[in-house]
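# A look at the structure
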Amino acid sequence: MLLRGVLLAVLAPQLAGALDLPAGSCAFEENTCGFDSVFTYLPWILNEEGHYIYVDTSFAKQGEKAVLLSSDLQAEEWSCLRLVYQITASSRSPSDTSRLNLYVRFEDESFDRLLWSAKEPSDSWLIASLDLQNSSKKFKILIEGVLGQGSTASIALFEIKMTTGYCIECDFEENHLCGFVNRWNPNVNWFVGGGNIRNSPSILPQDHTFKSELGHYMYVDSVYVKHFQEVAQLISPMTTAPMSGCLSFYYQLQQGNDNIFSLYTRDGAGLYEEIWKMGQPGNAAWNLAEVEFSAPYPMEVIFEVAFNGPKGGYVALDDISFSPVHCQNQTELPFSAMEASCNFEEDLCNFYQDKEGPGWTRVKVKPNMYRAGDHTSGIGYYLLANTKFTSQPGYIGRLYGPSLPGNLQYCLRFYYAIYGFLKMSDTLAVYIFEENHVVQEKIWSVLESPRGVWMQAEITFKKPMPTKVVFMSLCKSFWDCGLVALDDITIELGSCSSPERLSLPGECTFEQDECAFTQERRNRSSWHRRRGETPTSYTGPKGDHTTGVGYYMYIEASHMVYGQKAQLLSWPLRGVTGKHCLTFFYHMYGAGTGLLSVYLKREGENEESLLWRRRGEQSISWLRALIEYSCERQHQIIFEAIRGVSIRSDIAIDDVKFQAGPCAEMEDLTQQSSGYSEDLNEIEF
């Protein structure tokens, strides 16, 4: 159970002055401050003596959840949301622990956005710091506790606090120290200074915030140093939203002492980068430091002091702040990942080829039963190398991407499909080139993979100098030369496998499970989750749409009779004013293919409203469907597949996505003048 006595003793000073908390905040002293338990779930219990709310297995079962919902909030300025919490687990079942999730619910969205999740048990309270970007939209905070296994599993919330500003800012006046933590060292550590604290033999300064003994700051003292290069680190919370600007702080140190004071950033992969080092010592008073700081992906800021001996004196730190305006009015154009991405629907975007002649051709294939279309929609454009016009022994086609700034981590994703080669290795490779087109290294090449299937590749890389990504297609000999297709190139800042990456809101790729989709009954004639080809030949997809080797949902026609149906129901979606956009990919290949329909079922009504329908064989490709609809009542979306006249009637869906507002692509698609257009529907209820 919770270590209540210890926790209350620790938190009491912090909560004593917490009576006047800003909107979206609560110390749970006498009530829940406008946060309410959602009645359809377990209630959060307010401790009789105050100080926290909790849910535990003394009155609930494993897997049950408690949901806490705030009142309407607004963050017109950048804000920081801090959560003080504790998760405890039974020692007998440490593997199946409880989970605490925090969602943001915007007023115009029918789904909740997962902002943060934790499941690590602890013996004491922990702090989560989450940046909320400024927005004019109203929203609610939803906190969900899901109980794990064991008779002593519990989840407790001690404080929720939402304040204007950035989570990496701190004046060190509150007990939680804004989520900053000291990396413990046996000999040298960061301590809280000021106030009534007098635990150092050194003569320490007054703080900078209040310029008196009442205020607090952080300091590190060399008096206990026993070895050369003893290091103390003070680590900020991890940023949770992209930011770029000027990081400033005040520091003070004793004159003429042999110490090194540095500032680093550290990303989720543990890579350090020094962004500031103290040069000439300043005056004996507080000195202002301003540092250009860019965190396009999650990063920590680390204040590090290294001493060369016990006479290194002290270093003090106070009033860390951040401004989105660059230091000293410096101007810097931020890198836009959109400039380095392309789906080739309009043109080559910012990609280009060798001057001696085009090796990659932009093509469009009408959906048919023999040749797959593009990956984006099934009916759009993609690039094709080694076509009949360029196929020749020793042929190399190079596609150059735009210049990427150095010293940033990038995630490159793209889709490729290989046709006709006897040996697939090295038929497509990705290189890093320097600005002058000098090859640095090969970072990826295709190995053996299914032929004729759009496969996803993802590569994380970081180089100190500006570079370009180059796609190279190679035709080795006249007897072994086929086709290489390329589509949907995206470049994002950060690691492809970053642990901070959370599932996208309102989206289901079926990679982990069936998300929150349900079925009234499950048997051989239900929807099934599968990867790879379906068992029956000449029907069904060869792979999923998400990665080519992942999962999708489908009906197996050989287990059904003609006219039999299977329904897949979405999780309940909130009704909101305005339009919703539903996109998904569907696969209807097979001579006996039946019917795929999408229905809307409103709460309290037995009748279902038809939103979209396709009948019979459509394509060997995955095709994209766009549905725009309006519904102000809670509702569900139903995917219904009906088996056709023969066993060659497998129907599949993948990559279902709900979005607030109208479909961005809808207007462009209605204006298409080609002989065929993408599947789209617009319905109002």
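What counts as what
Residues numbered from 1 in each chain as written. Predicted model: local features only at pLDDT ≥ 70, side-chain atom pairs only at ≥ 80, totals over all residues. Heavy atoms only, no water. Salt bridge = Lys/Arg side-chain N within 4 Å of Asp/Glu carboxyl O. Helix = DSSP H or I, 4+ residues; strand = E, 2+ residues; numbered from the N terminus. Disulfide = S-S within 2.5 Å. Buried < 20%, exposed > 50% of the residue type's maximum accessible area, 1.4 Å probe, protein only. Core = buried A, V, L, I, M, F, W, Y, C linked by side-chain atoms within 4.5 Å. Pairing = 2+ DSSP bridges. Axes fitted to C-alpha atoms, helices over the stretch in contact; angles between N-to-C directions. Polar contact = N/O pair within 3.5 Å; in protein donor to acceptor, adjacent residues only side chain to side chain. pLDDT = per-residue confidence, 0-100. Contact = heavy atoms within 4.5 Å. Phe/Tyr/Trp six-rings, centres within 6.5 Å; stacked < 30°, edge-to-face > 60°.

- You'll find the protein chain entered in an unreviewed UniProt entry as MAM domain-containing protein 2, with Vulpes vulpes given as the organism.

## Points about the pattern of salt bridges
- Inspection of every chain in the model, using the stated rule, returns 17 salt bridges.
- The salt bridge partner of E144 is K65, with a shortest N-O separation of 3.0 Å. Here the residue E144 occupies a position in strand 10 (residues 135-146), and K65 occupies one in strand 4 (residues 65-69), the gap between them amounting to 79 residues.
- Put simply, R105, D112 and R574 are held in one network by salt bridges that share partners.

## Comments concerning the state of the cysteines
- With the rule as written, the count across this model stands at eight disulfides.
- There is a disulfide in this structure between C26 and C33, and the S-S distance comes to 2.1 Å. On the sign convention where negative is left-handed, the bridge of C26 and C33, at about 65° about the S-S bond, is right-handed.
- You can call C33 partly exposed: its relative accessible area is 38%.
- Bridging C508 to C515, the disulfide has an S-S length of 1.9 Å. Measuring the twist about the S-S bond at about 90°, one finds the C508-C515 disulfide to be right-handed.
- With a relative accessible area of 37%, C515 lands in the partly exposed category.

## Some points on the nonpolar core
- Formed by 39 residues in total, the largest nonpolar core has its most connected members in F172, W190, F249, F261, W276 and F303.
- Going through the elements one at a time, strand 14 (216-221), strand 15 (230-235), strand 16 (243-253), strand 17 (259-267), strand 19 (287-295), strand 20 (299-307) and strand 21 (314-323) are the ones with two or more residues in this core.
- Core analysis: the next-biggest nonpolar cluster, separate from the first, contains 34 residues, F510, L582, M588 and Y629 among them.

## Remarks on the sheet that holds strand 19
- Within the open sheet, the five strands sit side by side as 13-14-21-16-19. Their pairing is antiparallel. Of all the strands in the sheet, just strand 13 (190-194) and strand 19 have a single pairing partner and so form its edges. On average, each strand axis in the sheet is inclined to that of its neighbour by 35°, with strand direction left out of account.
- Examined bridge by bridge, strand 16 and strand 21 share seven bridges and lie antiparallel to one another. Considered in strand 21, the bridge of S248 is made with S321.

## Some words on unusual backbone geometry
- Its identity is not glycine, yet C33 carries a phi of approximately 55°, on the positive side.
- A positive phi angle, close to 65°, is found at F510, a residue other than glycine.
- Here F510 lies in the loop between strand 32 (507-508) and strand 33 (528-531).

## A few points about the pairing of strand 18 (residues 272-277)
- Pairing of strand 17 with strand 18 involves five bridges; the strand directions are antiparallel. Its bridge partner lying in strand 18, T265 is registered against E273.
- The hairpin formed by strand 17 and strand 18 contains four residues between the paired strands, and G270 there has a positive phi angle of roughly 90°.

## A word on the side chain of T88
- Within the secondary structure, T88 is located in strand 6 (residues 79-88).
- Looking at T88, the relative accessible area reads 8%, which means it is buried.
- A distance of 2.3 Å separates polar atoms of two side chains, one belonging to T88 and the other to S154.

## Overview of the confidence of the model for the protein chain
- Put simply, the protein chain has an average pLDDT of 84, and 85% of its residues get 70 or more.
- Taken element by element, the protein chain is modelled with least confidence in helix 1 (residues 4-16), mean pLDDT 35, and with most confidence in strand 34 (residues 551-555), mean pLDDT 97.
- This model gives residues 1-19 a pLDDT under 50, and the stretch forms 44 contacts once residues within four places in sequence are excluded.
- In this model residues 667-678 is a low-confidence stretch, pLDDT under 50, and it forms 18 contacts with partners more than four residues away in sequence or in other chains.

## With respect to the pairing of strand 37 (residues 595-602)
- Counting buried positions along strand 37 yields seven of eight residues, so the element is predominantly enclosed.
- Sheet analysis places strand 37 next to strand 38 (residues 609-615), joined by six bridges and oriented antiparallel. Paired with L596 across the strands is R614, a residue of strand 38.
- Counting the residues between successive antiparallel strands, the hairpin from strand 37 to strand 38 contains six residues, one of them, G604, with a positive phi of roughly 85°.
- Sheet topology places strand 37 next to strand 40 (residues 635-642); eight bridges connect them, and they run antiparallel.

## As for the packing of aromatic side chains
- Evaluation of the coordinates by the stated rule reveals 38 aromatic pairs.
- Here F249 and F303 contribute two aromatic rings whose centre-to-centre distance is 5.1 Å and whose plane-to-plane angle is 85°, an arrangement assigned as edge-to-face. In this pair, F249 is assigned in strand 16 and F303 in strand 20, connecting sequence segments 54 residues apart. Taken individually, F249 and F303 each receive the classification buried, so the pair is uniform in this respect.
- Put simply, the rings of F510, F517, W571, F584, Y586, W612, F639 and F658 pair up and form one aromatic cluster.

## Things to note about the sheet that holds strand 12 (residues 181-183)
- Taken together, the five strands give an open sheet; going across it, the order is 12-15-20-17-18, and neighbouring strands pair in antiparallel fashion. At either margin of the open sheet sits one strand with a lone partner, and together these are strand 12 and strand 18. Taking each pair of neighbouring strands and ignoring which way they run, the sheet shows an average axis angle of 30°.
- Relative to strand 20, strand 17 runs antiparallel, the two being bridged by nine bridges. Within strand 20, the position partnered with N259 by the bridge is F307.

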